[in-house]
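# What the coordinates show
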Amino acid sequence: MYNEENLKKLKIIVNEYMKKAYMLDEFVNRSLKSMRWEGIGILMVLDASFTSVGLNYFNTVIPAVMKFKEKFYDTNEIRSFNDIINYDIEKLKSVWKNERSWRAAIGISRVFSNYPGNNDREKIRNWAFSNNIDNFKKEDLSRVNGVGIVTYQYLRIMGGIDTLMPDKIVIKVVNGILSGSGIILKSSYKNYINYIKETEAIFRSININPVRITWMSWLIDSEARKILSGKFNSVLYLI
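The rules behind the values
- Residues numbered from 1 in each chain as written.
- Predicted model: local features only at pLDDT ≥ 70, side-chain atom pairs only at ≥ 80, totals over all residues.
- Heavy atoms only, no water.
- Helix = DSSP H or I, 4+ residues; strand = E, 2+ residues; numbered from the N terminus.
- Rg over C-alpha atoms; globule rule 2.2 N^0.38 Å.
- Buried < 20%, exposed > 50% of the residue type's maximum accessible area, 1.4 Å probe, protein only.
- Axes fitted to C-alpha atoms, helices over the stretch in contact; angles between N-to-C directions.
- Parallel < 35°, antiparallel > 145°, perpendicular 65-115°, else oblique.
- Left-handed = near helix turned anticlockwise from the far one by under 90°.
- Contact = heavy atoms within 4.5 Å.
- Nonpolar A, V, L, I, M, F, W, Y, C, P; charged D, E, K, R; others polar.
- Expected span 1.5 Å × (residues − 1).
- Arc of directions from axis to C-beta.
- Core = buried A, V, L, I, M, F, W, Y, C linked by side-chain atoms within 4.5 Å.

## With respect to the overall build of the protein
A tally of helices and strands in the protein yields 13 helices and zero strands. When the helices and strands of the protein are placed in sequence order, the string is α-α-α-α-α-α-α-α-α-α-α-α-α. Taken against the 2.2 N^0.38 rule, which gives 18 Å for 239 residues, the C-alpha radius of gyration of the protein at 18 Å falls within 12% of a compact globule. With respect to the three principal axes, the spread of C-alpha positions in the protein is 55 × 40 × 30 Å. Out of the 239 residues in the protein, the part that is buried amounts to 54%.

## With respect to unusual backbone geometry
With a phi angle near 55 degrees, Ser34 is a residue other than glycine that sits in the positive phi range. Relative to the helices and strands, Ser34 is located in the loop between helix 2 (24-32) and helix 3 (41-51). Classification of Ser34 by relative accessible area gives buried; the value is 0%. We note that Asn76 has phi near 65 degrees; this positive angle belongs to a residue other than glycine. Turning to its location among the elements, Asn76 is positioned in the loop between helix 4 (57-73) and helix 5 (81-85).

## Things to note about the packing of helix 3 against helix 7 (residues 99-112)
Taken N-terminus to C-terminus, the directions of helix 3 and helix 7 make an angle of 135 degrees; their axes are 9 Å apart at the nearest point. Between helix 3 and helix 7, the crossing angle belongs to the class labelled oblique. Read as a crossing pair, helix 3 and helix 7 show a hand that is right-handed. The segment helix 3 lies against helix 7, with Ile42, Val45, Leu46, Ser49 and Phe50 engaging Ser101, Trp102, Ala104, Ala105, Ile108, Ser109 and Phe112. Looking at the contact of helix 3 with helix 7, its residues break down into nine nonpolar, three polar and no charged.

## Digging into the environment of Val65
Within the element layout of this structure, Val65 appears in helix 4. On the basis of relative accessibility, which here comes to 0%, the residue Val65 falls in the buried class. Sequence spacing of Val65 and Trp96 is 31 residues, and the spatial spacing of their C-alpha atoms is 8.7 Å. Sequence-distant contacts of Val65, that is, excluding residues within four places in its chain, are made with Trp37, Leu43, Leu46, Asp47 and Phe50.

## Quick notes on helix 10 (residues 168-180)
Its 13 residues place the ends of helix 10 18 Å apart at the C-alpha level, agreeing with the 18 Å of an ideal helix rising 1.5 Å per residue. Residues Val170, Ile171, Val173, Val174, Ile177 and Leu178 constitute the buried set of helix 10. All buried residues of helix 10 project into a common sector of 170 degrees when viewed along the axis, lining one side. Exposed side chains of helix 10 directed beyond 90 degrees from the buried face belong to Lys168, Lys172 and Ser179. Tucked inside the fold, the buried residues of helix 10 contact helix 1 (4-19), helix 11 (192-205) and helix 12 (210-219). Looking one or two residues past helix 10, Gly182 carries a phi angle of roughly 80 degrees, positive in sign.

## Examining the nonpolar core
Residues Trp37, Phe68, Trp102, Phe112, Leu141 and Phe203 are the most contacted members of the largest nonpolar core, which totals 87 residues. Of all the elements, helix 4 adds the most residues to this core, at 10 residues.

## A short note on helix 3
Residue pairs three or four apart in sequence face the same way in an α-helix, which turns once every 3.6 residues. By the criterion of burial, helix 3 is predominantly enclosed, with 11 of the 11 residues buried. Regarding helix 3, the residues found buried are Gly41, Ile42, Leu43, Met44, Val45, Leu46, Asp47, Ala48, Ser49, Phe50 and Thr51. Looking at the packing, one finds that the buried side of helix 3 touches helix 4, helix 5, helix 7, helix 8 (120-129) and helix 9 (149-158).

Printed below as a string of structure tokens:
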């Protein structure tokens, strides 16, 4: 439940938050163009698979994906979805020990490899633009162990879709700014699909892209600014 005054207040609050989100435009634009990790499909899949474990993204996930790139991608050992599908998981554990993440990455890669495209980036985009949130439980990706609605939405974002990823950080920020605007949702965040649809509609009504809200929620963290402007400053073009 909300009115025009609530929406005006929401717009003001969101604009203030966005001013604090380090490199917001860059990350949003890269996502919509599917150019995270320079458009390297297997790295985008690993990013999503490692993130699904729930560890700190900037301190843990990014370094692990970069380590994989150096050890396997840059040496031409694994360059594509097809390369990783039958690869020895024990060898992969040298850069990330969680076997569940690798099985998720392999399962995702197997699904994406069946989509058309001249390269893995195109395959991710073709998958993303041929599916939507209502089909989540019906499509092959939902049957991959380790892929829930949060990972699904993150992959859609990296596939170029303007949508919301409902992880715990985003939900906390979104619920906070909606509450601060006096907006009461009909949906509970526990019903992810309805929650995503309702919040996306609200943000679009004030001309704010849902993907910007997702990235804003992650990037307003002072730790994110510190890490990105510090030890990852030299590789910001990549991530």
